Each structure stands twice: as structure tokens, then as C-alpha cells.
Amino acid sequence: MKEQLEAIRKQAFDKLEEINDIRELDELKVHYLGKKGELTQILKGMGSLSPEERPIVGQLANDIRTALEERIAEVKERLIKALRDEKLKSETLDVTMPGRIRHLGKKHPLTAVLDEIKDIFLGMGYEIAEGPEVELDYNNFEALNIPKNHPARDTQDTFYISENVVLRTHTSPVQIRHMKSHKPPIRIICPGRVYRSDAVDATHSPVFHQVEGLVVDKGVTMGDLVGTLQAFARGIFGENTKIRLRPHHFPFTEPSAEVDVSCWGCNGSGCRICKGEGWVEILGAGMVHPNVLRECGIDPEVYSGFAFGMGIERITMGKYGIDDMRLLFENDIRFLKQF
Ligand code: DAH
């Protein structure tokens, strides 16, 4: 029995040296010291020993048990420490490492310019009004003093959805909607998408954006229009910008004008941007035609108003020196990143 015990001791200690996982260690403990463990079995068999042998063998078995328990506890501690070290190592943070650069999204140049335009007019007390892109022929043309056979319809290559419904060709129909649903004083800008069946090239797109402006009140004059546009031009192109009005014709305004700004590229002396003119056309404007006011239920004998309309693409291209409108719609990230 003594030899048996010594063999168990040797075997158990040898195995312990090879263990490197807590679960294996627990299994080993059960295998030797558990209720049905090898050592326990031997102690149970002591009844067959002589009374002289019994205490000696008993002593030996207890010594082995104690030694084994101690050793198991030591190994367990070693394993736990190793586990903790490994965890700490995997969680170390190198604070000297350079951070990851996160690329922030940016506003599309058209959105950036539109936001600037909005800021300028909101600052002057305007409100923003919007209307649908699918519009009645009546709002898009008729109520704007452009009857069915009017030649002005030819200049706006219209997408017709049905005889009386179109994709709006400009943001001017929002004027009509607003005047019909609001009483003067009115002071609005109407930003939005518009459609014309133009072929795509460097300066045309079948979808583009406009901002319409409308002011209606008692005693509104052409002087108010000029002052407003002057303030706008300075806000968007810089303090030294001048404007000039050239007589023009729009059916919905009388008198009407096309408005130029002094060229931001050369300050008026002539360059590539203004094609040597010193001036760049940026919008159309005028005093709201009495027919339009009347159609919207506003008495032109009491009220007067001015209106203007501009293309956001053209202003954006001017401001940033973009020479091809397609760049604004292709959304090539290498292009957009520059703004
Ligand atoms: N609706 C015109 C266009 O699309 C732009 C315009 C010109 C709007 C004069 C106006 C205006 O309100 O008064 O070409």
C-alpha cells in the first residue's frame, strides 16, 4: 500500500507540473482527492491493514493529501496570475500612438451657397416659403401673366405631365401660392428645384435650383428692389461688389430688369470669368405686374411689390470658379472635398 501511495504522489506531482489551465487543474483535484478519487479509495481500503501498519499508512496518506492540496493551491495561484497578466497585456493602451483620422462630411457647394443666400435674406426679415415641384400650369404660367399661347413659354422648355400639370420651370409659382394664401405685408424667399427639358452641357442641366424673392406691401418701390439686391450682392460676393440693372422683359414684372454684379474675378476690369465684360449677370427682377397681384386677390391700387429670381448653380459656379455645371451633379468625392 505504501508503494501504491508513493506512486500516486509521484504521478500527481508530475501531472501538476504540466498543467496550464484551471479547468484541467480542477479535474486533477477531483481525480485524486475527490470522493471517488484515487487517494480517497486507498484510505477507504485501510480497514484490511494490521493495527501496526494502519497509523503509518494513514500518516503517509494524510501527508500526501496535504502536500497535494498545497501544491494545487500554488499552481492555481500561478494560473490565475498568468491569466490576469495576459488580460492586462491585451488591454494595454499605447497613448503615444497617432489617432485615427475621421473624415467629416461637408455641405455640398450648392447647399453651402443656398444656406448663405438664406442667411442674408433671413437677416433682412424674410421668411422661407416652399411649393411643390409638380405644379399646375396655372401657377407656373397662367397666373404669372403667361397665357397658353404666350411666346415666353417657348423659352422655358417645359416637361408636361398632363395638359394642366407641369414640372415647375421656375420657383415663381410659389409667389402665386403664397400671395393667394397670405395677406401683405409679404416678404419671402422660395428656394427649390426646377426642371427644363434642356440637354446636359457645361452650363445646362434639366434639373437645377432657383431662389425666388417676393416683397409685397404698401409703397414698395424699385428703389427698395435695388437696395435689397445691392445688399444681397455684397453679402454673397463681397463688400466691394456693385450691381447694375439692364432693362429686360418678364411677363410677371413691369418694369423688369436683368441684374449684373461687378465681376468678382477682376473687379470690373475684364477677365475670363466675365468674358472681358467686367460684369456678370446673376438674376432677373422687377416690380410685380398688376395682373399678377390682381390674379392673387391683391389690389394693385393699394399694394405694390418687387420680385427676383436667381439660379443657384450659376452663383455657385461664379463664386467658386467652377466652369462645368456637371461637376455639381456628378458628386465625385475628389471634387466635393475641395470645398
Ligand atoms: N422666373 C424667372 C426665370 O426662371 C426668373 C425671375 C425673373 C423671377 C424675374 C422673378 C423675376 O421673380 O421678377 O427665368
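Details of the structure are given in the entry above.
Conventions used here
- Residues numbered from 1 in each chain as written.
- Predicted model: local features only at pLDDT ≥ 70, side-chain atom pairs only at ≥ 80, totals over all residues.
- Heavy atoms only, no water.
- Helix = DSSP H or I, 4+ residues; strand = E, 2+ residues; numbered from the N terminus.
- Rg over C-alpha atoms; globule rule 2.2 N^0.38 Å.
- Contact = heavy atoms within 4.5 Å.
- Areas by Shrake-Rupley, 256 points an atom, 1.4 Å probe, with all protein chains shown as cover.
- Lys, Arg positive; Asp, Glu negative; His and termini not counted.
- Charge placed at Lys NZ, Arg CZ, Asp CG, Glu CD.
- Buried < 20%, exposed > 50% of the residue type's maximum accessible area, 1.4 Å probe, protein only.
- Expected span 1.5 Å × (residues − 1).
- Salt bridge = Lys/Arg side-chain N within 4 Å of Asp/Glu carboxyl O.
- Pairing = 2+ DSSP bridges.
- Axes fitted to C-alpha atoms, helices over the stretch in contact; angles between N-to-C directions.
- Phe/Tyr/Trp six-rings, centres within 6.5 Å; stacked < 30°, edge-to-face > 60°.

### Focus: the overall build of the protein
Here comes step 1: For the protein, the count of helices and strands is 13 helices and 10 strands.
Here comes step 2: Taken over the C-alpha trace, the protein has a radius of gyration of 44 Å; the compact-globule value for 339 residues is 20 Å, which it surpasses by more than 25%.
Here comes step 3: Partitioning the intrachain contacts of the protein with sequence separation of at least 6 by distance along the chain shows that 65% fall at a separation of at least 24.
Here comes step 4: Approximately 19,400 Å² of the protein is accessible, and the part contributed by carbon and sulfur atoms is 52%.
Here comes step 5: Looking at the protein, you have 45 positive and 52 negative side-chain charges, and the mean spots of the two groups are 4 Å apart.

### What about unusual backbone geometry?
Here comes step 1: Between Pro184 and Pro185 the backbone carries a cis peptide bond, its omega angle lying at 5 degrees.
Here comes step 2: On the secondary structure map, Pro185 appears in the loop between helix H8 (173–181) and strand E5 (186–195).
Here comes step 3: Cis geometry marks the peptide bond from Glu254 to Pro255; its omega dihedral reads -5 degrees.
Here comes step 4: Within the element layout of this structure, Pro255 appears in strand E8 (residues 253–262).
Here comes step 5: Positioned with a positive phi, Asn267 is a non-glycine residue whose angle comes to about 60 degrees.
Here comes step 6: Within the secondary structure layout, Asn267 lies in the loop between E8 and strand E9 (279–288).
Here comes step 7: Residue Asn267 is classed as exposed on the basis of its relative accessible area of 54%.
Here comes step 8: Of note in this structure, Asn331 is not a glycine but carries a positive phi near 55 degrees.
Here comes step 9: By the element assignment, Asn331 lies in the loop between helix H12 (327–330) and helix H13 (333–336).
Here comes step 10: Residue Asn331 is classed as partly exposed on the basis of its relative accessible area, which comes to 44%.

### Things to note about helix H4 (residues 53–90)
Here comes step 1: If you check H4, its first and last C-alpha atoms are 55 Å apart, about what 38 residues at 1.5 Å a residue would give, namely 56 Å.
Here comes step 2: Taken together, the buried positions of H4 are Val57, Gly58, Leu60, Ala61, Ile64, Leu68, Arg71, Ile72, Val75 and Leu79.
Here comes step 3: Contact partners of the buried residues in H4: helix H1 (2–18), helix H2 (22–33) and helix H3 (38–44).

### Concerning the pattern of salt bridges
Here comes step 1: One pass over the structure, following the stated rule, counts 19 salt bridges.
Here comes step 2: The residue Glu69 makes a salt bridge to Arg65 at a minimum N-O spacing of 3.7 Å. With a gap of four residues between them, Glu69 and Arg65 both fall in helix H4, about one helical turn apart.
Here comes step 3: Judged by relative accessible area, Arg65 falls into the partly exposed class, the value being 22%.
Here comes step 4: Linked through salt bridges whose partners overlap, the residues forming this network are Arg244, Arg246, Glu258 and Asp260.

### Quick look at the sheet that holds E8
Here comes step 1: Strands sit in the order E1-E5-E6-E10-E9-E8-E7 across an open sheet of seven strands; the sheet is mixed. Taken across any chain shown, the strands that pair with only one partner, and hence form the sheet edges, are strand E1 (127–128) and strand E7 (243–250).
Here comes step 2: Pairing of E8 with E9 involves eight bridges; the strand directions are antiparallel. Its bridge partner being in E9, Ala257 is matched across the sheet by Ala285.
Here comes step 3: Sheet strands in contact with H8 are E5, strand E6 (207–217) and strand E10 (304–311), and its direction is about 35 degrees off that of E6.
Here comes step 4: Contacting E6, E9 and E10, helix H11 (residues 312–320) runs over the sheet at an angle of about 60 degrees to E10.

### A word on the packing of aromatic side chains
Here comes step 1: A complete count under the given rule lists eight aromatic pairs for this structure.
Here comes step 2: Here the aromatic cluster, defined as three or more aromatic residues joined through ring pairs, consists of Phe121, Tyr126, Phe232, Phe306 and Phe308.

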